[in-house]
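# Structural features, examined
Here's the letter readout for the chains.
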Amino acid sequence: MAVLQTPKVLRILWDVIAPIFGLIALGYVVQKRVGLDLKTLTRLNFWMFVPAFLWVHIFESTLKWAELSAIFLHFLIFFPLLGVITWFSARLIHPPDRLRRAITASVLFYNSGNYGIPVAQLAFPGQTLPLQIQAAMVMLQNMSNFSLGVWIIAGGRGGRRRDTLKTMFKLPMIYVLVIAWTMRALHLTPPAPLNTSLHWLSEGLVPIAVTTLGAQMAGLKVPRFNAALVLALSLRLFVAPILGFAVVWGLGLHGTVAESLTLSTAFPTAVNSALLAHEFDNEPEFAAAAVFYSTLFSVFSVSLVIWATRVMQM
């Protein structure tokens, strides 16, 4: 039976993962040959494409309150459990405090946006529910990354708390979410030209974001493997989706919601973690390596997670 299932794993890798890595490779090559303005590309994603994507998929969402509750409850259970597991697992290798924080951040904060969205789009072709769930995960990850993530990476120093709050309230996603939910609740619609523009931006997120990821990876300086890196990769790519599935099972979730939530926990380390590590000078080489290798190895790990969710018929 296992022999018959193997081609399905290869088909998932070919149909879902290969197109993403094709765009990553394109961004990587163009960055090496031409040299793109990464700051501008990142800001385009952060201030235009991601907010537009969130707007479209929340404002036009068909998620029921039961599904929304399941998404938030899953995250509220999964996220702190993963943090505790990572924090105490890091003690096994006796790292310095700053490295321990870097390991924790690399596991907790994963690439829900410019990796997770296209994976969800390709893994569930023609379905809107997985994209809406992934949009919610982008929101939760961004909010936690630029709040708790700053606190973890900066070492929890009191002098940084005001800056952390300022960073949170500078996020365009927060305001987009408030406006989108408010307009949806009041049954208001944006003007037709604005609505068309937002849809164009939303549809442009996947190619722009994935090629940006490739360009960002071209500039990363990647050190050799060590115990800290092996631990972080194991937790991010294997332990996290197992824990994600355990929470899904514990909550009694089934169907597309269960599959999408499990898959959403399997993605590689977010580039934002490396950017924050550089900003606060906290193990930037380790953070870059976590992004690079987790993205590389996710070719196989994410394919296996998609295959497993389908075989188990969640």
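It should be emphasised that the depicted structure is a prediction, and the values quoted were computed from it without experimental measurement.

This part takes up the overall build of the protein chain. Check the secondary structure of the protein chain and you find 13 helices and zero strands. Starting at the N terminus and ending at the C terminus, the protein chain contains elements arranged as α-α-α-α-α-α-α-α-α-α-α-α-α. Its C-alpha radius of gyration of 19 Å places the protein chain within 12% of the 20 Å reference for a compact globule of 314 residues. Within the protein chain, the fraction of its 314 residues that count as buried is 54%. Residue pairs in contact within the protein chain that sit at least 24 positions apart in sequence constitute 87% of those at least 6 positions apart.

Before going further, it helps to spend a moment on the pattern of salt bridges. Evaluated as defined, the whole model comprises one salt bridge. Residues Asp 97 and Arg 101 are paired through a salt bridge, measuring 3.0 Å at the closest nitrogen-oxygen approach. A residue pair is termed a helical-turn pair when its members lie 3 or 4 positions apart in one helix, as Asp 97 and Arg 101 do in helix H4 (residues 97–108) at four residues.

Within this structure, the stated rule accounts for three cavities of 30 Å³ or more. Reported here for the largest cavity is a volume of approximately 50 Å³. Contributing to the lining of the largest cavity are Ile 58, Ser 61, Leu 63, Leu 68, Phe 72, Gln 132, Ala 135, Ala 136, Met 139 and Trp 181. Only helix H3 (65–89) and helix H6 (129–153) provide two or more residues apiece to the lining of the largest cavity. With four residues, the top contributor of residues to the lining of the largest cavity is H6. The residue inventory of the lining of the largest cavity, partitioned by class, reads eight nonpolar, two polar and no charged. Within this model, the second largest cavity holds a volume of roughly 40 Å³. Lining the second largest cavity are Ala 102, Ala 105, Ser 106, Ile 153, Ser 273, Ala 277 and Ala 287. Elements supplying a minimum of two residues to the lining of the second largest cavity: H4 and helix H12 (271–279). The element contributing the most residues to the lining of the second largest cavity is H4, with three residues. Of the residues that constitute the lining of the second largest cavity, the class distribution is five nonpolar, two polar and no charged.

Attention now goes to the environment of Ala 180. Looking at the secondary structure, you find Ala 180 in helix H8 (residues 172–185). Separated by 94 residues in sequence, Ala 180 and Ala 274 place their C-alpha atoms 30 Å apart. Apart from the residues lying within four places of it in its own chain, the contact partners of Ala 180 are Trp 55, Ile 58 and Phe 59.

Take unusual backbone geometry next. At His 94, a residue that is not glycine, the phi angle is positive and equals roughly 50°. Residue placement: His 94 occurs in the loop between H3 and H4. Even without being glycine, His 187 reaches a positive phi, approximately 60°. Along the polypeptide, His 187 turns up in the loop between H8 and helix H9 (192–218). Overall, the relative accessible area of 72% leaves His 187 in the exposed class.

Definitions and limits used
Residues numbered from 1 in each chain as written. Predicted model: local features only at pLDDT ≥ 70, side-chain atom pairs only at ≥ 80, totals over all residues. Heavy atoms only, no water. Helix = DSSP H or I, 4+ residues; strand = E, 2+ residues; numbered from the N terminus. Rg over C-alpha atoms; globule rule 2.2 N^0.38 Å. Buried < 20%, exposed > 50% of the residue type's maximum accessible area, 1.4 Å probe, protein only. Contact = heavy atoms within 4.5 Å. Salt bridge = Lys/Arg side-chain N within 4 Å of Asp/Glu carboxyl O. 1 Å grid on protein atoms, 1.4 Å probe; cavity = no way out; pocket = protein on both sides within 12 Å on 5 of 7 lines; lining within 4 Å. Points joined across faces, edges and corners; volume = space filled by probe spheres on them. Nonpolar A, V, L, I, M, F, W, Y, C, P; charged D, E, K, R; others polar.

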